[in-house]
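Each chain is listed here by its residues.
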Amino acid sequence: MRNSKPPLAVICTALCQARSVLSSIPYSYCQSRCARTLKIRSHVARGTTFRYTHLHRAPASLSTLHQPMEAKIFRWWAGRILRLCTRRSSGAAAPGSGATIFALSSGQGRCGIAVIRTSGPSSGHALRILTAARDLPPARHASLRLLSDPRSGEPLDRALVLWFPGPRSFTGEDCVEFHVHGGPAVVSGVLQALGSVPGLRPAEAGEFTRRAFANGKLNLTEVEGLADLIHAETEAQRRQALRQLDGELGHLCRGWAETLTKALAHVEAYIDFGEDDNLEEGVLEQADIEVRALEVALGAHLRDARRGQRLRSGAHVVVTGPPNAGKSSLVNLLSRKPVSIVSPEPGTTRDVLETPVDLAGFPVLLSDTAGLREGVGPVEQEGVRRARESCNFLATVVASVGAQSPSDSSQRLLLVLNKSDLLSPEGPGPRPDLPPHLLLSCLTGEGLDGLLEALRKELAAVCGDPSTGSPLLTRARHQHHLQGCLDALSHYKPSKDLALAAEALRVARGHLTRLTGGGGTEEILDIIFRDFCVGK
Amino acid sequence: MFYLRGCGRWVAASFTKQQFPLVRLSSDSAAPRTPHFDVIVIGGGHAGTEAATAAARCGSRTLLLTHRVDTIGQMSCNPSFGGIGKGHLMREVDALDGLCSRICDQSGVHYKVLNRRKGPAVWGLRAQIDRKLYKQNMQKEILNTPLLTVQEGAVEDLILTEPEPEHTGKCRVSGVVLVDGSTVYAESVILTTGTFLRGMIVIGLEMHPAGRLGDQPSIGLAQTLEKLGFVVGRLKTGTPPRIAKDSINFSILNKQTPDNPSVPFSFTNETVWIKPEDQLPCYLTYTNPRVDEIVLNNLHLNSHVKETTRGPRYCPSIESKVLRFPNRLHQVWLEPEGMDSDLIYPQGLSMTLPTELQEKMITCIRGLEKAKVIQPGYGVQYDYLDPRQITPSLETHLVQRLFFAGQINGTTGYEEAAAQGVIAGINASLRVSRKPPFVVSRTEGYIGVLIDDLTTLGTSEPYRMFTSRVEFRLSLRPDNADIRLTLRGYKDAGCVSQQRYERACWMKSSLEEGISVLKSIEFSSSKWKNLIPEVSISTSRSLPVRALDVLKYEEVDMDSLAKAVPEPLKKYTKCRELAERLKIEATYESVLFHQLQEIKGVQQDEALQLPKDIDYLTIRDVSLSHEVREKLHFSRPQTIGAASRIPGVTPAAIINLLRFVKTTQQRQAAMNESPKTDQCLRNADRLQERQL
């Protein structure tokens, strides 16, 4: 017992971990041996009740979980720890495996420390690249390192890193853990940095667990409820992915995947049937045009996404409505600081003002906008134009009194009627033909709780429940695969070896279908047989 | 030597000059008159011949049972072998020392590699074959194969016995009963009945039972299989009419000439039997709106097209082409049937119209105005067995030691049949000698893709090989089939001759050596420019450029490279095949590296075997949805990899299965420890006995 007091970071990790276990994300139990060792020490020193008390101090999302599940997981934790204490020297040889995977292993949402884990042969390489160090830190020891982005050299975070050379690691392969500060920007930055390291890719659902299984690292016969956990994990990830794909990006991705599948099917048809059957003229040329157009679209999207990434590390909420409805007052109320100047004069706000706030546990970028009206000075008109524009790509719009739906898209819209204090108690209420709305008085604060609750619901729908999924991870995944798709498309040169060109399209399609689902050979054959008259 | 028994007739060696193996009557069995073999193959088509010879090559005493010996090696449909995807299969069959590639090198009349300009990974070796020559050469080969006996006879029933306890399956096949009531016993039985199971020929509105025009179908056998509980489906296929050669006006049609030089199918051949200038041309013509009109006006006379039996998504017949893609001109290839044949095969004109309408339709096609139809086109409907009922070694789940290969599994095409035949023959033989099965993975060959698709996904249309079905297409090329399969075939199956094995070994080591030499030669790009002026190497990089990278350029081949750097490259140009293969390896080098990583991942999943006796419907300690259970129950995947490819099996289900496998393995390991000690003791006892 060298160290009876575990360092603070590790306790935090334990908290994150426990939380994510309870929220059914099993990466959490995939904690590294080193962290475990430290924990075990603390457990041995203070007894297992230590964990329990800490858990009760854990953030609010815990309290929503029901008791039996918690008890089950505790039994399992205890078993796991005891087993670790008794059988330290297990460890089968790790078979060589393909790619190196990474994932955010701790739960999403507000937490002090987030744990990002990698597994696979390039783990050590990734660690060296991110820490800009020639040597790896000592195995299974926590060391403090400055992480920086390998592309820009920009520092990301000062973090604890742990290096677990295989086979003595959770998955049996080389593993690295980055214990970074839990802010969304940091987590997202590190995930993106990892994604840019060659040979690394975001983990698929359950992949860490599978690798651990495959390498004989998990002896889980006695663990009750494991199947449930795994099911919940993959289910949560699937739901998360679906949710992300519900929006505009999903629509785009599906469109791209469709285009690409068709282009690939036509190239494949040209390969498989071009010489025996008569395909129409210009099959390849058409595919070529489509692929080039797709390349341009993807490139533009990615450039845009990168710029947006830093700014928006959360859902975007815009307050819009007619002048003098009290939009700025609402923004100031929500952000609890004077972001915008407020005055009784209509048209006080002339530009889009953005402020990051924490709304009901979600990181939110709140925008105050100019009141929507016609026929004013050029400066304010520009403000109105910007206000309309910002509504076009934002997730949630809070419209203040009387506003028409600002755009015809299917954006989420909360209609808020401000200045409810002006309604006389005995006088007529708001018009009955109004759509569902909320009453609020920025002056008295009446109705604020209702608004916050409604916002929470909307944000949960947009971001996903912070306790079940990880939008950040999904976003990093999106970017990784879109970039991979774009890179693959750049290798598409149908004038040379067509088999190589088709391979480029296959790889590109593989990346897109990781995001959208589907992607089998049968789809390709369906298109070929639908579009071409081929046969014997 | 002839041995006559009722209608079953031992035919031997009337064609052979060499010593023919004597028919063995198992002298040690209780009934000395009942013949006993290791392997019986039923059917003498493309699957049957490959299966029988493969089993014999593996050292099994094999009996080939066929309706008629003179139809062995019959090409019942198109007079050609190979093509895109199919050519790949033939190279793989050849790599396992199968017959069809070698026979095609001796029987072709027009050799052509398709897709020449699309990259070596998708080159399609193809040839028009002389039907008569193919059959002759095949029969010569079959009747000269050591350990292989051929007998005429129709199989009516299977002899079934108690199952072996260590394998799954409700019973075990131990022989067959012929139509005349006689029996033949064997350790393994392979069914390659093609379209003969309840075969039905359709022309116009006429239907009559037949496996092929002029041949009786197998009805008793189909009933036996159904009674055993096999899920039977029905498929349809067809063949075009044959036209008299001298009635065609070739002079107005597009002529297609063969390649010069011809590329042989077999790794063991440097050339084919016939010079390019002696080969026959093919001709191309097109359909026209009058053809569409005849099809559309006579649908009521065409029961094959109307039948509900599922046809393929692709267009097998001119009727389906006209119906699904109206107002288009469709290609018709006029292919020679042989050197001295006066028939032409109009590829693309499969049809089932009444005979007189077939003639009417053909005569409105350009060049065929005066054409005479010698044999009408016809459709065939036949039973196939859902291939999810067989394992990747092609043994049935239900009946031990019973193997299916060819069209019976729902495939179409000679090459697909031959590929399955080789695998079935090898495995039937390995089963007799109690060796582990020989399974080709998806990552190893087109054969693997074919069998994996069939056994995990099943098929609802005649399954045809396309290169687009193959994920690792750039790795599984026609040029490297020997390295992928010959070495394994020699070591794991024993179906490859020593000579072929040594040749493949030499090629493998030469390639490896060549690639490493090419990697080691590095010059600056400007020096390369001086050495090989015709190539435009991008000068953007100041890094030295490897010879392997220079070889990637289209304009460069090993000859030009060896001219530039004679030492040490000159020796690699001496063998033309080696030089060509080095060029191909260089072309795909960068992509192959990535593909190898993926392949490793797939192979890892495939290494995780699922227990064979697992009952998915009732198993308790694994949490699976009912839907997933049913899917797994029906397909019975052998590995986690195969299970993950079944549509509808979720990642969660896969992890649950994985957990189940791991726990079972552990349990087994624990159990095995004690028997092992027993075994040791027994061995020790034996040793003592011997010493005594």
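In this text, all values refer to a predicted model and were calculated from it rather than measured experimentally.

Caption draft 1: Molecular detail of the overall build of chain B. A tally of regular secondary structure across chain B gives 21 helices and 25 strands. Radius of gyration (C-alpha) of chain B: 27 Å, near the 26 Å computed for a compact globule of 692 residues. Its C-alpha atoms put chain B at 80 × 75 × 60 Å along the principal axes. Taken over 692 residues, chain B has a buried fraction of 60%. In chain B, once contacts between residues fewer than 6 apart in sequence are set aside, the share between residues at least 24 apart is 72%. Computed over 85 positive and 77 negative side-chain charges, the separation of the two mean positions in chain B equals 1 Å.

Caption draft 2: Main features of the sheet that holds strand 12 (residues 200-203) of chain B. Residue and element names in this part refer to chain B. The strand order 13-12-21-14 describes an open sheet built from 4 strands, whose pairing is antiparallel. Edge positions in the open sheet fall to strand 13 (206-209) and strand 14 (232-239), since each of these has one partner strand only. Here the average twist between neighbouring strands, direction ignored, is 25 degrees. Relative to strand 13, strand 12 runs antiparallel, the two sharing 4 bridges. Counterpart to Met200 in the pairing with strand 13 is Pro209.

Caption draft 3: Expanded view of the confidence of the model for chain B. Residue and element names in this part refer to chain B. Here chain B averages 87 in pLDDT, and 91% of its residues register 70 or above. Taken as a whole, residues 1-32 scores under 50 in pLDDT and shows 58 contacts with residues more than four places along the chain or in a different chain. Low pLDDT, under 50, characterises residues 676-692; the predicted model gives this stretch 0 contacts beyond four residues in sequence or across chains. What the predictor reports for the complex is a pTM of 0.75 with an ipTM of 0.88.

Caption draft 4: Looking closely at the packing of aromatic side chains. Tallied over the full model, the rule gives 10 aromatic pairs over all chains. Relative to Tyr134 of chain B, the ring of Phe81 of chain B lies with its centre 5.1 Å away and its plane at 25 degrees, an arrangement referred to as stacked. Linking Phe81 of chain B in strand 5 (residues 80-82) with Tyr134 of chain B in helix 4 (residues 131-143), this pair joins segments that are 53 residues apart in sequence. According to the relative accessible area criterion, Tyr134 of chain B is buried, its value standing at 1%. One aromatic cluster in this structure is built from Phe273 and Phe529 of chain A together with Phe466 of chain B.

Caption draft 5: Summary view of the UniProt feature "modified residue: N6-methyllysine" in chain B. Residue and element names in this part refer to chain B. As recorded in UniProt, the feature "modified residue: N6-methyllysine" lies at Lys508. Turning to its location among the elements, Lys508 is positioned in helix 13 (residues 498-520). Discounting residues that sit within four places of it in the chain, Lys508 has contacts with Ile483 and Leu487.

Caption draft 6: Expanded view of the domain arrangement of chain B. Residue and element names in this part refer to chain B. Split by domain assignment, chain B resolves into domain 1 (35-236 + 380-483), domain 2 (240-377), domain 3 (499-594) and domain 4 (607-670). Here the C-alpha centroids of domain 1 and domain 2 sit 26 Å apart. Each side of the interface is counted separately: domain 1 has 53 residues, and domain 2 has 49 residues. At the boundary of domain 1 with domain 2, total buried surface from both sides reaches about 4100 Å², with 54% on carbon and sulfur atoms. When the buried area of domain 1 at its contact with domain 2 is split by residue, Asp105, Tyr111 and Lys236 rank highest and sum to 17% of it.

Caption draft 7: Inspection of the UniProt feature "binding site: FAD" in chain B at higher detail. Residues and elements named next belong to chain B. Sites flagged by UniProt as "binding site: FAD" map to Gly43, Gly44, Gly45, His46, Ala47, Gly48, Val155, Ser218 and Gln407. Within the secondary structure, Gly45 is located in the loop between strand 3 (36-42) and helix 1 (46-57). With respect to the helices, strands and loops of the structure, His46 is situated in helix 1. Here His46 falls in the buried class, since its relative accessible area comes to 9%. If we ignore the near neighbours within four places in the chain, the residues touching His46 are Gln74, Met75, Phe81, Tyr134, Tyr414, Ala417 and Ala418.

Caption draft 8: Representation of helix 10 (residues 414-432) of chain B within the structure. End to end, helix 10 of chain B covers 27 Å across 19 residues, agreeing with the expected 27 Å (1.5 Å per residue, within 8%). Looking one or two places after helix 10 of chain B, you find Arg434 of chain B, whose phi comes out positive at around 55 degrees.

Caption draft 9: Representation of the interface of chain B and chain A in the model. Taken together, the 59 residues of chain B in the interface contact 50 residues of chain A. Of the roughly 4700 Å² buried at the junction of chain B and chain A (both faces included), carbon and sulfur atoms supply 52%. On the chain B side of the contact with chain A, Lys118, Arg313 and Ile655 of chain B bury the most area, a combined 15% of that side's loss. Here chain B and chain A share 2 salt bridges between them.

Caption draft 10: Summary view of the packing of helix 2 (residues 86-95) of chain B against helix 10 of chain B. All names here are of chain B. Their axes nearest at 9 Å, the elements helix 2 and helix 10 cross at an angle of 25 degrees. In terms of orientation, helix 2 and helix 10 fall into the roughly parallel class. Crossing angle aside, the handedness with which helix 2 passes helix 10 is left-handed. Of the residues in helix 10, those in contact with Lys86, Leu89, Met90 and Val93 of helix 2 are Glu415, Glu416, Ala418, Ala419 and Val422. Split into classes, the residues belonging to the contact of helix 2 with helix 10 amount to 6 nonpolar, no polar and 3 charged.

Caption draft 11: Geometry of the nonpolar core. Residue and element names in this part refer to chain B. Among the nonpolar cores identified, the biggest contains 104 residues, and Ile40, Val176 and Leu402 are the most heavily contacted of them. Inspection of this core shows a minimum of three residues originating in each of domain 1 (35-236 + 380-483) and domain 2 (240-377). Setting aside its immediate chain neighbours within four residues, Ile40 contacts Leu63, Leu65, Val176, Val184, Tyr185, Ala186, Ser188, Val189 and Ile190.

Caption draft 12: Representation of the pattern of salt bridges within the structure. Residue and element names in this part refer to chain B. Here the structure, examined in full by the defined rule, presents 56 salt bridges over all chains. A salt bridge links Arg126 to Glu335; the shortest N-O distance between them is 3.1 Å. Taken together, the positions of Arg126 in strand 7 (residues 124-129) and Glu335 in strand 18 (residues 331-336) put the pair 209 residues apart, joining distant regions of the chain. Take Arg126 and Glu335: they sit in the same class, and that class is buried. A salt bridge links Glu577 to Arg581, with the nearest nitrogen and oxygen atoms 3.0 Å apart. Placement of both Glu577 and Arg581 in helix 18 (residues 576-607) is noted, with a separation of 4 residues, approximately one turn of the helix. Overlapping salt bridges bring together Glu164, Glu166, Arg172, Glu187, Glu395, Arg401, Arg431 and Arg434 as one network.

Caption draft 13: Representation of the side chain of Gln400 of chain B. If you trace the backbone, Gln400 of chain B turns up in strand 22 (residues 399-400). For Gln400 of chain B, the residues in contact, after removing those within four places along its chain, are Pro163, Glu164, His167, Thr168, Gly169, Cys171, Arg172, Val173, Glu395 and Arg431 of chain B.

Caption draft 14: Looking closely at the sheet that holds strand 16 (residues 254-256) of chain B. All names here are of chain B. If you walk across this open sheet you meet the 6 strands as 16-17-18-19-15-20, and the pairing is antiparallel. Since the sheet does not close on itself, it has two edges, and those belong to strand 16 and strand 20 (373-375), each with one partner. Taken over all neighbouring pairs, the strand axes of this sheet differ in orientation by 35 degrees on average, direction set aside. As judged from the 3 bridges shared by strand 16 and strand 17 (residues 282-286), these two strands associate in the antiparallel manner. The residue bridging Lys255 from the neighbouring strand is Tyr283, located in strand 17.

Rules of the game
- Residues numbered from 1 in each chain as written.
- Chains lettered and ligands numbered in written order.
- Predicted model: local features only at pLDDT ≥ 70, side-chain atom pairs only at ≥ 80, totals over all residues.
- Heavy atoms only, no water.
- Helix = DSSP H or I, 4+ residues; strand = E, 2+ residues; numbered from the N terminus.
- Rg over C-alpha atoms; globule rule 2.2 N^0.38 Å.
- Buried < 20%, exposed > 50% of the residue type's maximum accessible area, 1.4 Å probe, protein only.
- Contact = heavy atoms within 4.5 Å.
- Lys, Arg positive; Asp, Glu negative; His and termini not counted.
- Charge placed at Lys NZ, Arg CZ, Asp CG, Glu CD.
- Pairing = 2+ DSSP bridges.
- Axes fitted to C-alpha atoms, helices over the stretch in contact; angles between N-to-C directions.
- pLDDT = per-residue confidence, 0-100.
- Phe/Tyr/Trp six-rings, centres within 6.5 Å; stacked < 30°, edge-to-face > 60°.
- UniProt positions renumbered as here; feature names shortened; annotations may be inferred.
- Domains from an automatic or database assignment.
- Buried area = accessible area lost by both parts, 1.4 Å probe.
- Expected span 1.5 Å × (residues − 1).
- Salt bridge = Lys/Arg side-chain N within 4 Å of Asp/Glu carboxyl O.
- Parallel < 35°, antiparallel > 145°, perpendicular 65-115°, else oblique.
- Left-handed = near helix turned anticlockwise from the far one by under 90°.
- Nonpolar A, V, L, I, M, F, W, Y, C, P; charged D, E, K, R; others polar.
- Core = buried A, V, L, I, M, F, W, Y, C linked by side-chain atoms within 4.5 Å.

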